[in-house]
Amino acid sequence: MIRSRIIEYIDSKDISKYKFYKETKLSNGFLDKEGSIRSDICEKISYQYPDLNLNWLLTGKGEMIISSEEKVINELPPCVSPELGLGVPYYDVDFSGGFNAIFNNQTLLPDHNIVFAPFKDAQLWCNVTGNSMAEKINHGDIIALKELTNWEDNVLFGEIYAVVTDHIRTIKIIRKSNNEDNYRLVPINTNEFDENEVKKSSILNVFTVLGAIKKFF
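Note that this is a predicted model, so its numbers are computed, not measured. (Residues numbered from 1 in each chain as written. Predicted model: local features only at pLDDT ≥ 70, side-chain atom pairs only at ≥ 80, totals over all residues. Heavy atoms only, no water.)

Some remarks on the overall build of the protein chain
Cut-off, in case you're wondering: Under the scheme used here, helices are H or I runs from DSSP no shorter than 4 residues and strands are E runs no shorter than 2 residues, and both carry numbers assigned from the N terminus. The cut-offs for exposure are 20% and 50% of the maximum accessible area for each residue type, with area from a 1.4 Å probe on protein chains only; residues under the lower value are buried, those over the upper are exposed, and the others partly exposed. Residues are treated as being in contact if the distance between any of their heavy atoms lies within 4.5 Å. What sets the accessible areas is the Shrake-Rupley method with a 1.4 Å probe; for residues, cover comes only from the shown protein chains.
Secondary structure summary: the protein chain contains seven helices and ten strands in total. Here the protein chain holds 217 residues, and the buried ones make up 42% of them. Contacts spanning at least 24 positions in sequence make up 59% of the contacts within the protein chain whose residues lie at least 6 apart. Put simply, the protein chain shows about 12600 Å² of open surface, and 49% of that area lies on carbon and sulfur atoms.

The structure is reproduced here in structure tokens:
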């Protein structure tokens, strides 16, 4: 579906496939392949064509072209807001540490909110520890998370997720396992970290990692 939306976009802009491959530096034939497309590839395409609505590209929702006003808003840097109704709550806890308490106890108040238009659909921000996902997500970054509903049906293999099981909380790429009862959790930094498998039945929650930014406060 994402490939068909890319084709729809380049057709609307009268961009040939040859020109698209040249401008994005993607391999010839990329648009004719099957299978999922990694989020970083979508981000790369969106960066090359700034009027392309990344949300539309990923989900098909909204308008294909970003209006001038939306573009200005999306380019504003992140900022901190003390107002509860403005932005997305940030909790000064590590995903691998105190996250479970804040997600399951809605009476706990965030330290403040973060206003950042590209990740306005997140439910919360929290901290990252460890470098298993470097250089994409680094130790000390903060991540924007949104719970993935009906995750068994909606997981996109090859994408980055924050996974909560009955004994670990980790951020990894989810891939298929040879064992249909398991998922493979794959790090980006394979020089220092190994992949592992978890039973689907042990997973309590899965969160889409909408993005990560350096801590700026």
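So, helix α2 (residues 17-24)
Note the threshold: Of all possible arcs, the one meant is that of the directions from the helix axis to the C-beta atoms.
For α2, the set of buried residues is Phe-20, Tyr-21 and Thr-24. Down the axis of α2, the smallest arc covering the buried residues is 95°, so these residues share one side. Exposed and facing more than 90 degrees away from the buried side of α2 are Tyr-18 and Lys-22. Directly after α2, the chain includes Lys-25, whose backbone phi takes a positive value near 65°.

Considering the pairing of strand β4 (residues 124-127)
The test is simple: When DSSP finds at least two bridges between two strands, those strands are taken to pair.
Side chains of β4 alternate between two faces, with Leu-124 and Cys-126 and Trp-125 and Asn-127 buried alike. In this sheet, β4 lies alongside strand β2 (residues 88-94) in parallel orientation, the contact comprising two bridges. The partner of Tyr-90 across the bridge, within β4, is Trp-125. Across four bridges, the pairing between β4 and strand β5 (residues 141-147) is antiparallel. Each bridged residue has a counterpart across the sheet, and for Trp-125 the counterpart in β5 is Ala-144.

A few points about the side chain of Asn-53
With respect to the secondary-structure elements, Asn-53 resides in the loop between α3 (39-48) and α4 (54-59). For Asn-53, the residues in contact, after removing those within four places along its chain, are Glu-63, Met-64 and Ile-66.

Considerations on the layout of surface pockets
As a reminder, the rule being used: Only protein atoms enter the 1 Å grid, on which a cavity is a set of points fitting a 1.4 Å probe that cannot get out and a pocket is an open set with protein on both sides within 12 Å along at least 5 of 7 lines, lining residues being those with an atom within 4 Å of a point. Grid points are joined across faces, edges and corners, and a volume is the space filled by probe spheres set on the points. Three residue categories are used. Nonpolar comprises Ala, Val, Leu, Ile, Met, Phe, Trp, Tyr, Cys and Pro, charged comprises Asp, Glu, Lys and Arg, and polar comprises the others, including Gly.
In this structure, the second largest pocket occupies an estimated 190 Å³ of space. Together, 14 residues line the second largest pocket, and Thr-129, Ser-132, Thr-170, Ile-171 and Lys-172 are the ones closest to its centre. Looking at the lining of the second largest pocket residue by residue, the class counts come to six nonpolar, six polar and two charged.

Concerning the confidence of the model for the protein chain
This is how it is decided: Confidence scores here are pLDDT values: one per residue, from the predictor, ranging 0 to 100.
On average, residues of the protein chain carry a pLDDT of 86, and 89% of them reach 70 or more. Taken element by element, the predicted model of the protein chain shows its lowest mean pLDDT in helix α5 (residues 68-74) (59) and its highest in strand β8 (residues 182-186) (96).

Overview of the side chain of Asn-127
With respect to the secondary-structure elements, Asn-127 resides in strand β4. Sequence-distant contacts of Asn-127, defined by excluding residues within four places in its chain, comprise Tyr-90, Tyr-91, Asp-92, Val-93, Asp-94, Phe-95, Asp-141, Ile-142 and Lys-215.

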